[in-house]
Amino acid sequence: MNIVSEKIKSHYDELPTSERLVADFVLENKDALFQYPIKELATMSGTTQAAWTRFAQAIGYDGLKDLKNAYYAEANTNLQQADKGGPKVAFKDVNEYTSLQSIADNICATSVQAVQTTYRLFDAGTFSDAVTKIVEANQIQVFGVGTASVAAYDLYCKLLRIHYNAVFNQDHHMNLMTVSQIKPGDVAIFFSDNAKNTEIMQLFNIAKEREAATIAVTKLGNNALTTGCDHVLFATSPEIDKKSGITSSRFAQLFLVDTLYTAIANRDYENIKGFLKDSYDVFHNTARD
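Rules used throughout
- Along each chain, numbering runs from 1 in the same order as the chain's sequence is written.
- Where local features are concerned, this predicted model is filtered to residues with pLDDT of at least 70; where side-chain atom pairs are given and counted, the filter is 80 or more; whole-chain, interface and lining totals use all residues.
- Only hydrogens and water are set aside when side-chain values are computed; all heavy atoms of the structure are taken into account.
- Angles here are taken between N-to-C directions and fall from 0 to 180 degrees, while the axes themselves are lines fitted to C-alpha atoms, restricted in helices to the stretch in contact.
- Secondary structure follows DSSP: runs of H or I at least 4 residues long count as helices, runs of E at least 2 residues long count as strands, and numbering of each begins at the N terminus.
- Angles are sorted into four bins: roughly parallel if under 35 degrees, roughly antiparallel if over 145, roughly perpendicular if 65 to 115, and oblique for all others.
- For this analysis, residues touch if any pair of their heavy atoms sits within 4.5 Å.
- Here the nonpolar group is Ala, Val, Leu, Ile, Met, Phe, Trp, Tyr, Cys and Pro; Asp, Glu, Lys and Arg are the charged ones; every other residue, Gly included, is treated as polar.
- The term salt bridge refers to a side-chain nitrogen of Lys or Arg lying within 4 Å of a carboxyl oxygen of Asp or Glu.
- Burial status follows relative accessibility: with a 1.4 Å probe on protein chains alone, a residue under 20% of its type maximum counts as buried, one over 50% as exposed, and anything between as partly exposed.
- A pair of strands is labelled paired if DSSP reports no fewer than 2 bridges between them.
- By convention, orient the strands away from the viewer: a clockwise path from the first strand over the helix to the second makes the crossover right-handed.
- Take the number of residues in a helix, subtract one, and multiply by 1.5 Å to get its expected span.
- Taking the helix axis as origin, the arc is that swept by the directions to the C-beta atoms.
- We define a nonpolar core as any set of buried Ala, Val, Leu, Ile, Met, Phe, Trp, Tyr and Cys residues linked to one another through side-chain atoms lying within 4.5 Å.

## Describing the packing of helix H4 (residues 38–45) against helix H5 (residues 49–58)
Here comes step 1: At a closest axis distance of 8 Å, the pairing of H4 and H5 adopts a crossing angle of 95 degrees. Compared by their axis directions, H4 and H5 come out roughly perpendicular. Listed contacts from H5 to Ile38, Lys39, Leu41, Ala42 and Ser45 of H4 are Gln49, Trp52 and Thr53.
Here comes step 2: Grouping the constituent residues of the contact of H4 with H5 by class yields 4 nonpolar, 3 polar and 1 charged.

Shown next, in the form of structure tokens:
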């Protein structure tokens, strides 16, 4: 799991030039953080001590000491996992695999890593607030584009099972029609692998203008979606198979969907337990027949 590196990459585009130099240096020379004082690190990276402090704070740490502690904890976790054996992550394009076993190993490893890194970013407070908004909502509109639509549709189906007033469409024009009718007291949930997606941002802006509560399930980073949404649930995953279109981000998002649905059902159990039983009975009886 490489949470620190993921944070650096997700904030990279927003960093000033001097702090990008620090980011480049850290990504290429992690060990140097533990070998040299900040004065020498500044000289080696062609920056200043102040730039190092600003960099650490920009990616979510109190300072360089806090950043070092995060890297140290992460390194220990990785060593413990390596000792347990199992598939290792080797980042390759789809044409670079040499066997079916190597394909299975890497898909397994990256999928597991996606869930683990997303779990480590879990914020119980934010999650609880999002659950409250959904439970109390008059209507829940769920949006997702591309691979993110898989997780969006999964949440939609789960909400229907417990009789929530949920709406989901894959057609953008239908989404525009739906979001044009959203109002205060409703919730709009946006699943996005890319916060710069024009369709998602168009829907998000309309939902905000109409004063609906907004929730994003998206990659770590500062952008218009994450800074503008009322509640943000971060999903992160390793980069793999640039040419294949296979993305482990689905597993990260589905982990959040399952956690969100279970939390909703738990919070609202007295009201939805009958619907759970009804749907179970229908499927059980159908299978038996």
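## Points about the pattern of salt bridges
Here comes step 1: Applying the stated criterion across every chain yields a total of 7 salt bridges.
Here comes step 2: Close ionic contact of Lys158 with Asp258 constitutes a salt bridge, the shortest N to O distance being 3.5 Å. Of this pair, Lys158 sits in helix H9 (residues 148–161) while Asp258 is found in helix H13 (residues 249–267), placing the two residues 100 residues apart along the sequence.
Here comes step 3: A relative accessible area of 38% means that Asp258 is categorised as partly exposed.
Here comes step 4: Asp186 is paired through a salt bridge with Lys183; the nearest N and O atoms lie 3.7 Å apart.

## Things to note about the pairing of strand E1 (residues 140–144)
Here comes step 1: Among the 5 residues that make up E1, 5 are buried, leaving the element largely enclosed by the rest of the structure.
Here comes step 2: Burial of E1 is two-sided: the residues Ile140, Val142 and Gly144 facing one way and the residues Gln141 and Phe143 facing the other way are all buried.
Here comes step 3: Of the strand pairs in this sheet, E1 and strand E2 (residues 166–168) are connected by 3 bridges, and their pairing is parallel. Within E2, the position partnered with Ile140 by the bridge is Ala166.
Here comes step 4: Tracing the backbone out of E1, into H9 and back to the parallel element E2 gives a crossover that is right-handed.
Here comes step 5: Sheet topology note: the E1/strand E3 (residues 187–192) ladder contains 5 bridges and is parallel. Paired with Phe143 across the two strands is Phe190, which belongs to E3.

## Describing helix H11 (residues 198–209)
Here comes step 1: Over its 12 residues, H11 runs 16 Å from end to end, which matches the ideal 16 Å to within 8%, given 1.5 Å per residue.
Here comes step 2: Residues Ile200, Met201, Leu203, Phe204 and Ala207 constitute the buried set of H11. Around the axis of H11, the buried residues are gathered within 160 degrees of arc, so they sit on the same side. In this structure, H11 carries Thr198 and Glu209 as exposed residues pointing more than 90 degrees from its buried face.
Here comes step 3: Looking at the buried residues of H11, the elements they touch are E1, helix H10 (172–179), E3, strand E4 (213–218) and helix H12 (224–228).
Here comes step 4: At the exit of H11 stands Glu211, carrying a positive phi of roughly 65 degrees.

## Some words on the sheet that holds E1
Hydrogen bonding along the main chain pairs the strands of a sheet, whether they run parallel or antiparallel.
Here comes step 1: Read from one edge of the open sheet, 5 strands run E2-E1-E3-E4-E5, paired in parallel fashion. The open sheet is flanked by E2 and strand E5 (231–234), the only strands paired with a single partner. This sheet shows a mean twist of 15 degrees between the axes of neighbouring strands, independent of strand direction.
Here comes step 2: Looking at chain direction, E4 and E5 are connected through 4 bridges and run parallel. Within E5, the residue paired with Ala216 across the bridge is Val232.
Here comes step 3: The strands touched by H11 are E1, E3 and E4; relative to E3, the strand with the most contacts, the crossing angle is about 160 degrees.
Here comes step 4: Most of the contacts of H13 go to E5, to which it runs at about 125 degrees, and overall it touches E3, E4 and E5.

## Regarding unusual backbone geometry
Here comes step 1: The backbone of His163 shows a phi angle near 70 degrees, a positive value even though the residue is not glycine.
Here comes step 2: Structurally, the position occupied by His163 is in the loop between H9 and E2.
Here comes step 3: On the basis of relative accessible area, His163 is assigned to the exposed category, the value being 57%.
Here comes step 4: Phi angles above zero are rare outside glycine, and Glu211 is one such case at about 65 degrees.
Here comes step 5: Along the chain, Glu211 falls in the loop between H11 and E4.
Here comes step 6: Using a relative accessible area of 58% as the deciding quantity, one classes Glu211 as exposed.

## Structural notes on the nonpolar core
Here comes step 1: With 36 residues, the main nonpolar core has Ile134, Leu159 and Phe191 as its most contacted residues.
Here comes step 2: When residues of this core are traced back to their parent elements, those giving at least two are helix H8 (124–136), E1, H9, E2, E3, E4, H13 and helix H14 (269–288).
Here comes step 3: Element by element, the count of residues in this core is highest for H13, at 8 residues.
Here comes step 4: Ignoring any residue separated from it by four or fewer positions in sequence, one finds Leu159 in contact with Ile134, Ile140, Val142, Tyr164, Ala166 and Ile264.
Here comes step 5: Counting residues in each nonpolar core, the second largest holds 21 residues, with Ala42, Ala56, Tyr61 and Leu67 among its members.

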